[in-house]
Amino acid sequence: MERTPVLKTVNLGITFGGLRAVEDFNIEIYEGELVGLIGPNGAGKTTVFNLLTGVYTPTEGKFYLSGKNMNGKKTHQVVAEGIARTFQNIRLFKQMTVLENVKVALNSKYEYKFFASLFRTPKFWRKEEELDKEARDLLSIFNLENKANYIASNLPYGQQRKLEIARALATGMKILLLDEPAAGMNPTETAELLECIKIIRERFGIAILLIEHDMSLVMNVCERIQVINFGKTIAFGLPHEIANNQEVIEAYLGKNED
Amino acid sequence: MMNKNTKLKGYLVNTVALAVLLMAFLILNANFKTPFYSVVFIPSLWQISYLIILAASLNLVLGFLGQLSLGHCGFMAIGAYTAALLSLYFERAGIFTDKKAPVFIVSILVSLLAGGLLAAIVGIIVGIPALRLKGDYLAIITLGFGMIICNVINNLPFAGMEGLSKGSAAASLYKTGLGFGNTLKTKYAWVAIVITILCLAAMFMFIRSRFGRAIESIRDDEIAASASGINVSLYKVGTFVYSAFFAGIAGGLFACCNSSLSTASFAFTNGSILNSTFIVVMVVVGGMGSLTGSMLSAVLMFLLNYVIKNVIKASGMPLFVQNLFKYPMLVYAIVLIIVIMFKPKGILGTREFSLVNTIEYIKGKLGKKAVKEGGSK
Ligand SMILES: Nc1ncnc2c1ncn2[C@@H]1O[C@H](COP(=O)(O)OP(=O)(O)OP(=O)(O)O)[C@@H](O)[C@H]1O
Ligand SMILES: [Mg+2]
């Protein structure tokens, strides 16, 4: 019996006016896999994420989560189905505390009715207590539990990145899309991030699609890599295959004219 | 730690404190009969009540949800007219005719609630299209809706210039329906107080819940909020409607303590204390994202307005000084500028006044003092 991929795209594409930002994007990611998505600046990587999370509506093609078509769903619906993401330029809830940031993403998991909150029913307290516990558990994965009451924007940069991942994890996803999580990090922070990604994979067993410019990181952690340039897929395969692929080297370093 | 017991203790302390204050007020109310009390203090209390509800409810949209709405007075107008018309209807139908009878309280409460509900329904109708816009565009469209509401009311045969608002100041409201004179205002002052407390409690329960977190996340970053699974448009409209409901209740209170209604009181160009920009000023001065801040600034701005209106004229100051205060809106604008310059986040910012924390703080101070004194001995 064939396994259904967690995420599958079929000829996914989008055109902005005259610009074909992404075309014929095909990928299959299975449970527990970590796939890298790389390409030069402006290749269309973030646009792929925006398509997969309902920020943009694809002009061509389809995409499926565990076999279910996701085209035309709004962002919050896609998230409810199980696609979570982080952003290239960190987007935290800046005026809220670290703990509240994570709690927002647990909003629909620990649901109670409006009247339960108005009259502070036993259900309200029970749900809030469970929610609080899970939020703190998630923070502890990233060693942020002792910063729970800090205002999010006061965290150092590396920890803001981690908090964003913790928040994405709180949505209870099947696949996690990480957009350049190591951008702007120093080597120590990057090493810590690697550790976190490892822990996430062990604890949650989810699929991860990772955009990253740090080649050593990509080559280290990814099981498969897909390379895009000018919106088109130019290569996919195992890390060492990609590292030796002529077209990929040209895309990054330019063609040797002689 | 999110601790249920400390929170329940907080609720208990607040409830006890409010109950004690209310009792004290009732005793005062029964025994105090100076003209100042019934002519100045009690009407001011009514005004402050609805101003507090207005400012706090707008703060839900402006401070917590982060959307600029300039049509809040429109919802207040709906509440005021609905409450007045309903009580008038009761009166004509022969029920609740005696304003001094204890059952009249039912008429007041039903009218206020109806005003709130109708304002909420209109809130849905206005909110769904308007909240697709953001920033300045939202401000302009809500401003427009506020004006439209007032114009519609004005042209309704039973409400506007041909109906409820017909005639001069001594019109229908005094004789029938709501519209209390000073005796009744004194008699029912506790109603205004209790309703204000209930409305604020309902707003606090809302913001201190998953709903409050959701709307604050929308304020901070809409895209990240939806990527965290928040249905942004639903929560936006929901908050807008909730806020409109309370504006409607505030309108009902307004109808109780005024002898007549005119949509001019709620118009954008109205130079007095009641217009949508003035409420925005109250929210900003108190602190966007602080309900207790809104309460505080509602009281302060009321006092400022009172001073401008009554004290300056009677003060015998040189004429040119008095003339400066001829345009109250100018004064509010200056107040706003001063606040933004020196305290950009408003008086309380996003903090809330908490009785329990204040008690703890004072205890701490006293404790330290005791330790110091103990040490010096
Ligand atoms: N909303 C939009 N409207 C028009 N063009 C867009 C839009 N979004 C992205 N693009 C264009 O699509 C192309 C791909 O952009 P994208 O942000 O996906 O690149 P990227 O691979 O993430 O690059 P980087 O490594 O710099 O993050 C760019 O040329 C960009 O200008
Ligand atoms: Mg990008």
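Structure first, text after, so check above.
Rules used in this analysis
Residues numbered from 1 in each chain as written. Chains lettered and ligands numbered in written order. Predicted model: local features only at pLDDT ≥ 70, side-chain atom pairs only at ≥ 80, totals over all residues. Heavy atoms only, no water. Helix = DSSP H or I, 4+ residues; strand = E, 2+ residues; numbered from the N terminus. Rg over C-alpha atoms; globule rule 2.2 N^0.38 Å. Contact = heavy atoms within 4.5 Å. Lys, Arg positive; Asp, Glu negative; His and termini not counted. Charge placed at Lys NZ, Arg CZ, Asp CG, Glu CD. Donors = N, O, S within 2.8 Å, 3.2 Å for Na, K, Ca; no water. Buried < 20%, exposed > 50% of the residue type's maximum accessible area, 1.4 Å probe, protein only. Core = buried A, V, L, I, M, F, W, Y, C linked by side-chain atoms within 4.5 Å. Pairing = 2+ DSSP bridges. Axes fitted to C-alpha atoms, helices over the stretch in contact; angles between N-to-C directions. Buried area = accessible area lost by both parts, 1.4 Å probe. Salt bridge = Lys/Arg side-chain N within 4 Å of Asp/Glu carboxyl O. Polar contact = N/O pair within 3.5 Å; in protein donor to acceptor, adjacent residues only side chain to side chain. Nonpolar A, V, L, I, M, F, W, Y, C, P; charged D, E, K, R; others polar. Near = heavy atom within 4 Å. Areas by Shrake-Rupley, 256 points an atom, 1.4 Å probe, with all protein chains shown as cover. Patch = residues over 30% accessible without salt bridge, like charges linked within 9 Å, V, L, I, M, F, W, Y side chains within 5 Å. Phe/Tyr/Trp six-rings, centres within 6.5 Å; stacked < 30°, edge-to-face > 60°. Lys NZ or Arg CZ within 6 Å of the ring centre and 35° of its normal. Parallel < 35°, antiparallel > 145°, perpendicular 65-115°, else oblique.

A. Local environment of the overall build of chain A. The secondary structure content of chain A amounts to 10 helices and 10 strands. For chain A, whose C-alpha radius of gyration is 19 Å, the value lies close to the compact-globule estimate of 18 Å for 258 residues. In chain A, once contacts between residues fewer than 6 apart in sequence are set aside, the share between residues at least 24 apart is 67%. Averaged over its 31 positive side-chain charges, chain A has a centre that lies 8 Å from the centre of its 32 negative ones.

B. Geometry of the coordination of the magnesium ion (ligand 2). Residue and element names in this part refer to chain A. Coordination of the magnesium ion (ligand 2) by the protein is provided by Thr 46 (OG1) and Gln 88 (OE1), with metal-donor distances spanning 1.9 to 2.1 Å. With Thr 46 in helix 1 (residues 45–52) and Gln 88 in the loop between strand 6 (83–85) and helix 3 (98–105), this pair connects stretches of sequence that are 42 residues apart. Classification of Thr 46 as partly exposed rests on a relative accessible area of 24%. The exposure class assigned to Gln 88 is partly exposed, which follows from its relative accessible area of 34%.

C. Quick peek at the nonpolar core. Core analysis: the biggest nonpolar cluster contains 113 residues, and B:Trp46, B:Phe75, B:Ile108, B:Phe180, B:Tyr188 and B:Phe266 have the highest contact counts within it. Among the elements that take part in this core, helix 2 (residues 35–64) of chain B stands out by supplying 17 residues, more than any other. Judged by nonpolar contacts, the second largest core, of 49 residues, contains A:Leu34, A:Val98, A:Ala148 and A:Ala235.

D. Looking closely at the sheet that holds strand 3 (residues 34–38) of chain A. All names here are of chain A. In spatial order, the strands read 6-7-8-3-9-10; together these 6 strands make up an open sheet with mixed pairing. The sheet terminates laterally at strand 6 and strand 10 (232–237), the two strands that pair on one side only. Each strand axis lies, on average, 20° off the axis of its neighbour in the sheet, ignoring direction.

E. Just the environment of A:Ala166, in detail. Residue and element names in this part refer to chain A. Tracing the backbone shows Ala 166 in helix 6 (residues 157–170). The class for Ala 166 is buried, based on a relative accessible area of 0%. Dropping the residues within four chain positions of it, Ala 166 is found in contact with Val 102, Leu 138 and Phe 142.

F. Spatial organisation of the pairing of strand 9 (residues 224–229) of chain A. All names here are of chain A. Burial within strand 9 is extensive, with 5 of its 6 residues counted as buried. As paired strands, strand 3 and strand 9 are joined by 4 bridges and run parallel to one another. Pairing of Leu 37 across the sheet is with Gln 226, part of strand 9. In this sheet, strand 10 lies alongside strand 9 in antiparallel orientation, the contact comprising 5 bridges. In the strand pairing of strand 10, Gln 226 is matched with Phe 236. Joining the antiparallel neighbours strand 9 and strand 10 is a turn of 2 residues, in which Phe 230 adopts a positive phi near 50°.

G. Summary view of the interface of chain A and chain B. With 33 residues of chain A in contact, the opposing surface of chain B contributes 32 residues. Across the interface of chain A and chain B, roughly 3000 Å² is buried in total on both sides, 60% from carbon and sulfur atoms. At the surface where chain A touches chain B, the tally comes to 2 salt bridges. Between B:Arg213 and A:Glu128 there is a salt bridge, with its nearest N and O atoms 3.0 Å apart. Taken together, the connections running from chain A to chain B amount to 11 residue pairs in polar contact (both at pLDDT 80 or more). Mapped by element, the contributors of at least two residues to the side of chain A that touches chain B are helix 2 (75–81), helix 3, helix 4 (114–118) and helix 5 (122–141) of chain A. Sort the elements by how many residues they give to the side of chain A that touches chain B and helix 5 of chain A lands first, with 7 residues. The residue makeup of the side of chain A that touches chain B, split by class, is 14 nonpolar, 6 polar and 13 charged.

H. Region of interest: the site of ligand 1. Residue and element names in this part refer to chain A. Inspection of the region around ligand 1 gives 14 residues, with Gly 42, Lys 45, Thr 46, Thr 47 and Gln 88 positioned closest. Within the backbone of Lys 45, one N or O atom sits 2.8 Å away from an oxygen atom of ligand 1. A distance of 3.0 Å separates an oxygen atom of ligand 1 from a polar side-chain atom of His 213. For ligand 1, whose accessible area on its own is 630 Å², the fraction buried by protein is 65%. Among the elements of the structure, strand 2 (19–29) and helix 1 are those that each provide at least two residues to the shell around ligand 1. Residue contributions to the shell around ligand 1 peak at 3 residues, all from helix 1. Looking at the shell around ligand 1, its residues break down into 5 nonpolar, 7 polar and 2 charged.

I. Looking closely at a nonpolar patch on the surface. Residue and element names in this part refer to chain B. Together, Tyr 327, Leu 330, Ile 334, Ile 337, Ile 338, Met 341 and Phe 342 make up a nonpolar patch on the protein surface, roughly 810 Å² of accessible area in all. Residue placement: Ile 338 occurs in helix 15 (residues 328–342). On the accessibility criterion, Ile 338 (44% relative accessible area) is partly exposed.

J. Local environment of the packing of aromatic side chains. In total, this model carries 23 aromatic pairs over all chains according to the counting rule given. Seen in terms of ring centroids, B:Phe206 and B:Tyr242 are 4.7 Å apart; in terms of plane orientation they differ by 40°. Their pairing is tilted. Here B:Tyr242 lies in helix 11 (residues 232–256) and B:Phe206 lies in helix 8 (residues 189–207), a separation of 36 residues in the sequence. Note on B:Phe206: relative accessible area 6%, which makes it buried. On the basis of relative accessibility, which here comes to 12%, the residue B:Tyr242 falls in the buried class. A cation over a ring is seen here: A:Arg91 above A:Phe87, with NZ or CZ 5.5 Å from the ring centre. Above the face of the A:Tyr112 ring, B:Arg210 is positioned so that its terminal group lies 5.3 Å from the ring centre.

K. Looking closely at the packing of helix 2 of chain B against helix 11 of chain B. Residue and element names in this part refer to chain B. Two numbers describe how helix 2 lies on helix 11: the axes approach to 8 Å, and their chain directions differ by 170°. If you check the angle between helix 2 and helix 11, you find them roughly antiparallel. The residues of helix 11 that touch helix 2, namely those facing Trp 46, Ser 49, Tyr 50, Ile 53, Leu 54, Ser 57, Leu 58, Leu 60 and Val 61, are Thr 239, Phe 240, Tyr 242, Ser 243, Phe 246, Ala 247, Ala 250, Leu 253, Phe 254 and Cys 256.

L. Structural context of the sheet that holds strand 5 (residues 68–69) of chain A. Residues and elements named next belong to chain A. On the basis of which strands lie adjacent, the open sheet formed by 4 strands has the order 2-1-4-5 and antiparallel pairing. Sheet topology places strand 2 and strand 5 at the edges, where each strand pairs with a single neighbour. With 2 bridges joining them, strand 4 (residues 60–65) and strand 5 adopt antiparallel strand pairing. Residue pairing in the sheet places Leu 65 in a bridge with Lys 68 of strand 5. Helix-sheet contacts for helix 1 involve strand 1 (7–16), strand 2 and strand 4, and the interaxial angle to strand 1 is about 110°.

None of this, on its own, says anything about what the molecule does.
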